[in-house]
Amino acid sequence: MPDTKLTPGITANRLPEGAYADNFSDLHPPLDDHEALVAADRCYFCHDAPCTTACPTDIDIPLFIRQIATGTPEAAAKTILTQNILGGMCARVCPTETLCEEVCVREVAEGKPVLIGQLQRYATDTLMAAGTHPFTRADATGKRVAVVGAGPAGLACAHRAAMLGHDVVIYDSRAKPGGLNEFGIAAYKSVDGFAQAEVDWLLQIGGITVDAGKSLGEGLTLDQLQSDFDAVFLGIGLSGVNALGVEGEDKSGVLDAVNFIADLRQTTDLSKLPVGRDVVVIGGGMTAVDAAVQSKLLGALNVSLVYRRGQDRMNASQFEQDLAASKGVRIITNASPTAVHGNGSVREIEFEYTDDDLTPTGQTFRLAADQVFKAIGQTLQGEGLPNLDGRKIAVTGAGRTSIAGVWAGGDCASGGDDLTVTAVAEGRDAAMDIHTQLMGCAG
Amino acid sequence: MADLTSNFIGIKSPNPFWLASAPPTDKEYNVRRAFEAGWGGVVWKTLGEDGPPVVNVNGPRYGAIWGADRRLLGLNNIELITDRPLQTNLDEMTRVKKDYPDHAVVASLMVPVDEDSWKAILGRVAETGCDGVELNFGCPHGMSERGMGSAVGQVPEYVGQVAEWCKKHTDLPVIVKLTPNITDIRKPAQAAKDGGADAVSLINTINSITGVNLDNFAPEPTIDGKGAHGGYCGPAVKPIALNMVAEIARTPGLGGIPISGIGGVTTWRDAAEFMALGAGNVQVCTAAMTYGFKIVQEMISGLSEYMDEKGMTSTSELVGRAVPNLSDWQHLNLNYVTKARINEDMCIKCGRCYAACEDTSHQAITMTEDRVFGVDDSECVACNLCVNVCPVEGCITMEELQPGMIDERTGREVEEDYANWTSHPNNPGTCAAE
């Protein structure tokens, strides 16, 4: 008898054939030409537009939408990509409901924003489908830039530096470039291998070498990079995972959500990916939602997302919370884990209700769990790093660290809000600053 | 409920909504469907002289321009008059009129400019039992190259002459359909009146090219790589048509000649506007071609509701109501001073008023860091551009300054008395009072 949603324990193939493809299809199917024109027409072409102000990469949104409306989506794409070279991925993963679309005057007036994210995707998809790369490199400067980390920050820095005429080497610990775009985003936001396709397209600029399988402490040292290159950019993300710190955490079935998501993204046949019947995800951010929703889509019967504070404190946007709820994820707030129970493998996880200040109430409850995903934050890892600000690399200005000649951006750097789009902006701006400094020195 | 029955130069119809002479009225099948849908009358697709019918192109006959969501705003055509045998049309008209005695059936006619041709066709048409004839002096393409249609309409002497022949050879009411492709619409209208026409109808279509294909550089609609100008109609032409109707309605010499209003009528409101400017009824084509015959139901209910609200019991109470307010520029009151006012509660902060005024007008809109928009009265000339570009209807309005208030732009007190350009000191033609 085949496994079903009801099968206890952690098992694969819970769903009938075809269900996986349906469940992991595009969250927002792309706009067709007519839909794009209708959506574009809703844009008022605002003066000093609030959407552009809200965009961490300052994309001239009214202009690109007007370019779509007038039948030139590739020109629109260039407007986008000039500011944000990963505009294709950002169109898919940006929490637009808290950025550009939140401040769209039509959102404010009517509760229905212009579909900025989907229009951005329409434009960038059109350009990428045409296979063209609209940027060319400036004359070679003879300068070399090392980029550590092939995630959004590193890729954006590398592209901009290469475009300005520098030679770039990107190092990454993983076998494939892309960082969280490739390993960390929910599958239904980046279907059909988009993350890799985007990296391949980005590298068409030329002058960028990807050296995979290396990271600081594993084949690289900052000292060596500094002596081999004219500038170093660190976009190393947060590769460590926080622990629950409760009894029984080491039991089988208690896993890091980021690893589950990475495995899911790299799995070619989702029906072969095991998932529990009763899944509990601990955390309140995007990673927690991604893990919870995808567990459900893989066929878990019960998925609970448990967050220790109130719902208004959750980092996951309202849209993400609604998405989780719509897929059948039960969101439980004000509960902190206190113990993992089970005989070798997790059977139950015990929580205690806590108020928004995490004051224990003494009231506890247990949830059945054959799989627990921890999504309570990630931490910086690496050796010989520049000075930290709290738990991240301290930066000033356009990503300058405490070490001259070393810049940092993305999740590993202080400030920012851990979004793809912020990482892109930081990588881009660091490259501009690197350029200014290198060429200033040269001059 | 308001009485929508219409009596236009003695032609009665259940409502003032007629289908204009055009493809929708080319044959019995369509016309029966139109009457069943609720249209009050039809002007049958233009009949030509007996003999081999005209032919049409076998490629696209229509071109268009569109607004948002591909809403059709303007339509252009290069179709000619009916390409079916005259007798076929006449037989069908006879049958239709017999079955719909209370509906208006008017024959549109176009034959060469000689008396015999007109006499011949008028005799044939009268036998159908139709209610009147409309002389097509408007078609701007194809037939005009053969000396008919707008080639006649553009020469007032021909218009008058043909109208005279028609009045001589038929007892049916004669409507002259005017072309807008002319400098002064009053001239052919006067000629029609002088020729004895009972009414004019306008506008016919406007010379136009809807676009150019930027790949093969051919005008659109394109026939085998070439394009000829067509006749433009639809919502886009309404303002032009309204003005031409108004020009005729307000000209005393035209003696209140009855007008059938045509040009972009798409909703009841459009129809009411034509009628307020003096049209006794309206003719519709593009709206029906875009949406089908059913739209007349909205026109009927809308006009009826409007008339009820206004306490009008008959369409005659609406016809011409706006005519007394038509004026020349020189007679507009220069002591009427208004200023733009922005309703902050309604403002969605798009800033279009600011961009428009700052870049292209009088720098009279102010903008704060947090996007609050205001009006600088000392710069505002009340041009209304901000009102027109604002996406929120009613958000920006023009507020009248009362007499005694200071116009901050001029520093002068607003005067109570009406005063216009004719007496303005800057007018070189004004004789100083002293």
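The rules behind each value
- Residues numbered from 1 in each chain as written.
- Chains lettered and ligands numbered in written order.
- Predicted model: local features only at pLDDT ≥ 70, side-chain atom pairs only at ≥ 80, totals over all residues.
- Helix = DSSP H or I, 4+ residues; strand = E, 2+ residues; numbered from the N terminus.
- Rg over C-alpha atoms; globule rule 2.2 N^0.38 Å.
- Buried ≥ 20, exposed ≤ 12 C-beta atoms within 10 Å, placed from the backbone.
- Contact = placed C-beta atoms within 7 Å.
- Axes fitted to C-alpha atoms, helices over the stretch in contact; angles between N-to-C directions.
- Parallel < 35°, antiparallel > 145°, perpendicular 65-115°, else oblique.
- Left-handed = near helix turned anticlockwise from the far one by under 90°.
- Nonpolar A, V, L, I, M, F, W, Y, C, P; charged D, E, K, R; others polar.
- Domains from an automatic or database assignment.
- Pairing = 2+ DSSP bridges.
- Right-handed = clockwise from strand over helix to strand, strands pointing away.
- Core = buried A, V, L, I, M, F, W, Y, C linked by C-beta atoms within 7 Å.
- Arc of directions from axis to C-beta.

**As for the overall build of chain A**
Step number 1: A tally of regular secondary structure across chain A gives 17 helices and 21 strands.
Step number 2: Relative to the globule expectation of 22 Å for 443 residues, the C-alpha radius of gyration of chain A, 22 Å, shows essentially globular dimensions.
Step number 3: Relative to its full complement of 443 residues, chain A shows a buried share of 50%.
Step number 4: Within chain A, counting contacts between residues at least 6 apart in sequence, those at least 24 apart form 70% of the total.

**Observations regarding the overall build of chain B**
Step number 1: Summing up its helical and strand segments, chain B has 12 helices and 22 strands in all.
Step number 2: For chain B, the spread of C-alpha atoms along the principal axes amounts to about 75 × 60 × 45 Å.
Step number 3: Across the 434 residues that make up chain B, the buried fraction comes to 46%.
Step number 4: Looking at chain B alone, contacts between residues at least 24 apart form 70% of all its contacts between residues at least 6 apart.

**Considering the packing of helix 2 (residues 33–41) of chain A against helix 9 (residues 116–130) of chain A**
Relative orientation and spacing of two packed helices are given, respectively, by the angle between their axes and the distance between those axes.
Residues and elements named next belong to chain A.
Step number 1: Helix 9 packs onto helix 2 with a crossing angle of 135 degrees between their chain directions and a minimal axis gap of 10 Å. Judged on the interaxial angle alone, helix 9 and helix 2 are oblique. Where helix 2 crosses over helix 9, the handedness of that crossing is left-handed. Contact with helix 2, carried on its side by Ala36, Ala39 and Ala40, involves Gln118, Leu119 and Tyr122 of helix 9 and no other residues of that element.
Step number 2: For the contact of helix 2 with helix 9, the per-class residue count stands at 5 nonpolar, 1 polar and no charged.

**Some details on the domain arrangement of chain B**
Step number 1: Considered domain by domain, chain B is made up of domain 1 (6–325) and domain 2 (329–421).
Step number 2: The gap between the C-alpha centroids of domain 1 of chain B and domain 2 of chain B is 40 Å.

**Focus on the packing of helix 5 (residues 73–83) of chain A against helix 9 of chain A**
Residues and elements named next belong to chain A.
Step number 1: The interhelical angle for the contact between helix 5 and helix 9, taken along N-to-C directions, is 105 degrees, at an axis separation of 8 Å. Put simply, helix 5 runs roughly perpendicular to helix 9. Contacts from Pro73, Glu74, Ala76, Ala77, Ile80 and Leu81 in helix 5 reach Gln120, Tyr122, Ala123, Thr124, Thr126, Leu127 and Ala130 in helix 9.
Step number 2: Residue composition of the contact of helix 5 with helix 9, grouped by class: 9 nonpolar, 3 polar and 1 charged.

**A word on the sheet that holds strand 4 (residues 208–212) of chain A**
All names here are of chain A.
Step number 1: Pairing within the open sheet is parallel, and its 5 strands lie in the order 4-3-2-7-21. Two strands bound the open sheet, and with one partner strand each, they are strand 4 and strand 21 (406–408). Between one strand axis and the next, the sheet turns by 20 degrees as a mean value, whatever way the strands run.

**Describing the pairing of strand 10 (residues 199–202) of chain B**
All names here are of chain B.
Step number 1: Both faces of strand 10 are covered, namely the face carrying Ala199 and Ser201 and the face carrying Val200 and Leu202.
Step number 2: By the bridge criterion, 3 bridges tie strand 9 (residues 174–177) to strand 10 in an arrangement that is parallel. Looking across to strand 10, one finds that Val176 is bridged to Val200.
Step number 3: Handedness of the crossover joining strand 9 and strand 10 through helix 6 (residues 186–194): right-handed.

**As for the interface of chain B and chain A**
Step number 1: On the chain A side, the residues contacting the 10 residues of chain B number 9 residues.
Step number 2: Per-class residue counts for the side of chain B that touches chain A are 6 nonpolar, 1 polar and 3 charged.

**What to know about unusual backbone geometry**
All names here are of chain B.
Step number 1: In this structure, the amide linkage connecting Leu202 to the following residue, Ile203, adopts the cis form with an omega of 10 degrees.
Step number 2: Along the polypeptide, Ile203 turns up in the loop between strand 10 and strand 11 (206–208).
Step number 3: With an omega of 0 degrees, the peptide bond between Glu220 and Pro221 qualifies as cis.
Step number 4: Note on placement: Pro221 falls in the loop between strand 13 (218–220) and strand 14 (230–233).
Step number 5: Located in the positive-phi region is Asp224, a residue other than glycine, with phi close to 55 degrees.
Step number 6: Turning to its location among the elements, Asp224 is positioned in the loop between strand 13 and strand 14.

**As for the pairing of strand 17 (residues 371–374) of chain A**
All names here are of chain A.
Step number 1: A two-sided burial pattern is seen for strand 17, the buried positions comprising Gln371 and Phe373 on one face and Val372 and Lys374 on the other.
Step number 2: Two strands pair when backbone bridges link them, and strand 11 (residues 278–282) and strand 17 are joined in this way by 4 bridges, in the parallel orientation. Residue Val280 lies in a different strand from strand 17, and its bridge partner there is Val372.

**Regarding the domain arrangement of chain A**
Frequently, the measure chosen for interface size is the accessible area that the parts lose on association.
Residues and elements named next belong to chain A.
Step number 1: For chain A, the assigned domains read domain 1 (33–130), domain 2 (144–238 + 380–442) and domain 3 (241–377).
Step number 2: Relative placement of domain 2 and domain 3: their C-alpha centres are 30 Å apart.
Step number 3: Taken residue by residue, the interface counts 5 residues in domain 2 and 8 residues in domain 3.
Step number 4: Partitioning the side of domain 2 that touches domain 3 into residue classes produces 3 nonpolar, 1 polar and 1 charged.

**Some words on the sheet that holds strand 16 (residues 360–368) of chain A**
All names here are of chain A.
Step number 1: The antiparallel open sheet is built from 3 strands, whose spatial order is 14-15-16. If you trace the sheet from one side to the other, it starts and ends with strand 14 (335–341) and strand 16, each paired once. Each strand axis lies, on average, 25 degrees off the axis of its neighbour in the sheet, ignoring direction.
Step number 2: With 6 bridges joining them, strand 14 and strand 15 (residues 348–354) adopt antiparallel strand pairing. Across the sheet, residue Ala335 finds its bridge partner in strand 15, namely Tyr353.

**Comments concerning the nonpolar core**
Step number 1: Counting residues in each nonpolar core, the largest one holds 158 residues, and the members touching the most others are Ile68, Val232, Phe233, Val281, Ala292 and Leu305 of chain A.
Step number 2: Excluding its chain neighbours within four sequence positions, the residues that come into contact with Val281 of chain A are Ala257, Ala288, Ala291, Ala292, Val303, Leu305, Phe373 and Ala375 of chain A.
Step number 3: Core analysis: the second largest hydrophobic core is formed by 98 residues, Leu109, Met143, Val176 and Tyr232 of chain B among them.

**Re the environment of Asp411 of chain A**
All names here are of chain A.
Step number 1: Topologically, Asp411 is positioned in the loop between strand 21 and helix 17 (420–442).
Step number 2: Considered as a pair, Asp411 and Lys392 are 19 residues apart in the sequence and their alpha carbons are 8.1 Å apart.
Step number 3: The residues contacting Asp411, other than those within four sequence positions of it, are Gly237, Leu238, Asp418 and Ala423.

**Concerning helix 8 (residues 268–276) of chain B**
Residue and element names in this part refer to chain B.
Step number 1: In terms of burial, helix 8 is a largely internal element, 8 of the 9 residues being buried.
Step number 2: Along helix 8, the residues classified as buried are Trp268, Asp270, Ala271, Ala272, Glu273, Phe274, Met275 and Ala276.
Step number 3: Packed against the buried residues of helix 8 are strand 3 (17–19), helix 7 (238–249), strand 15 (259–262), strand 16 (279–284) and helix 10 (295–310).
Step number 4: Just downstream of helix 8 lies Gly278, where phi reads positive at about 120 degrees.

**Focus: helix 1 (residues 28–37) of chain B**
All names here are of chain B.
Step number 1: Among the residues making up helix 1, those that are buried are Val31, Ala34 and Phe35. In a view along the axis of helix 1, the buried residues occupy a sector of 95 degrees, so they form one face of it. Along helix 1, exposed side chains directed more than 90 degrees from the buried face belong to Tyr29 and Glu36.
Step number 2: Packed against the buried residues of helix 1 are strand 3, strand 4 (41–47) and helix 2 (86–99).
Step number 3: Phi turns positive, to about 125 degrees, at Gly38, one or two residues after helix 1.

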